[in-house]
Amino acid sequence: TKTGTGVLNVMGPATTALQEVQVLGGTLNIGAAGSVTAIAGAPLDTVVAAGARLNVEGSYGCGASDDRMSVSGTVSGNGTIDLCGGEDTLTLNDGAVLANVVSGGAHGTGDTVALNNANALSFDAAKTINFEYLRKENAGEATLTGMQAFSGGTMVDAGTLSVAGVLETPTLTLAGGTGLDVEG
């Protein structure tokens, strides 16, 4: 757990194996030679709180099970973030900023990007790869920019999904009282 306003650096070269990472304040920086992975056979659960930052220049992720990453702050850097095996979920909450690419893993079955926003949220879909499902939750409007395909489908369970980019999906399910606004 990273708290406080400062920066905690994981510089490597050894791999740091964890089951849970909470960035509740300041910045957790994974340096170019740094690597954070899940404990063998376990999922990696990650929380990036509002105002906090996970910066990855090295590598991050790869639990063998159902990894979860919940973002209310910023995920940045130029390194690799790969959730690997399992049915992984990336949840973008109010205030989330993806400034790095997050992969659901190349196994291609049930990885989900969940947009859980009560306020306006802009989401660059190009920053997510290898996720099969897109799910819009909570009452706010989420605006999808960029381009991405979700091969399993898209569900709008609450609020409004606005598409200002390109969304490729074989199915689109709208729950009662939800909205879809296509601009792109």
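As shown above, the structure is provided for reference.
Below, the structure is looked at part by part. By convention here, each chain's residues receive numbers from 1 onward along its written sequence. At least 70 in pLDDT is required for a residue's local features to be given in this predicted model, at least 80 for side-chain atom pairs to be given and counted, and no such filter applies to totals for whole chains, interfaces and linings, which use all residues. Excluded from the side-chain calculations are hydrogens and water; all other atoms, namely the structure's heavy atoms, are used.

**Quick notes on the pattern of salt bridges**
Any carboxyl oxygen of Asp or Glu that lies within 4 Å of a side-chain nitrogen of Lys or Arg is treated as forming a salt bridge with it. Inspection of every chain in the model, using the stated rule, returns two salt bridges. Its salt-bridge partner being D45, residue R68 comes within 2.8 Å of it at the nearest N-O pair. Here R68 is found in strand β9 (residues 68-71), whereas its partner D45 is found in strand β6 (residues 45-48), with 23 residues between them in sequence. Owing to a relative accessible area of 16%, D45 belongs among the buried residues under this scheme. We count a stretch as a helix when DSSP gives it H or I for four or more residues in a row; a strand needs E for two or more, and each element gets its number in order from the N terminus. Whether a residue is buried, partly exposed or exposed follows from its accessible area with a 1.4 Å probe, protein chains only, as a fraction of its type maximum: under 20%, in between, or over 50%, in that order.

**As for the side chain of T74**
Turning to its location among the elements, T74 is positioned in strand β10 (residues 74-76). We call two residues in contact when some of their heavy atoms are within 4.5 Å. Aside from chain neighbours lying at most four places away, what touches T74 is V48, A52, R53, L54 and V97.

**Concerning the state of the cysteines**
Note that a disulfide, as used here, is simply two cysteine sulfur atoms within 2.5 Å. Per the stated rule, a full pass over the model turns up one disulfide. Between C62 and C84 runs a disulfide, and the two sulfur atoms are separated by 1.7 Å. Remark: C84 occurs in the loop between β11 (80-82) and β12 (89-93) and C62 occurs in the loop between β8 (59-61) and β9; sequence separation between them is 22 residues. Exposure remark for C84: the relative accessible area of 17% places this residue in the buried category.

**With respect to the environment of S76**
Within the element layout of this structure, S76 appears in strand β10. Separated by 47 residues in the primary sequence, S76 and N29 place their C-alpha atoms 9.3 Å from one another. Contacts of S76, omitting those with residues within four sequence positions, involve R53, L54, N55, V56, A99 and N100.

**Thoughts on unusual backbone geometry**
Comment: phi is negative for the bulk of residues other than glycine, and the bulk of peptide bonds are trans. Each neighbour pair has its own omega, and for G12 with P13 the value is 10 degrees, a cis peptide bond. Phi is positive for N138, which is not a glycine, with a value near 70 degrees. You can see N138 is positioned in the loop between β18 (133-137) and β19 (141-145). Using a relative accessible area of 31% as the deciding quantity, one classes N138 as partly exposed.

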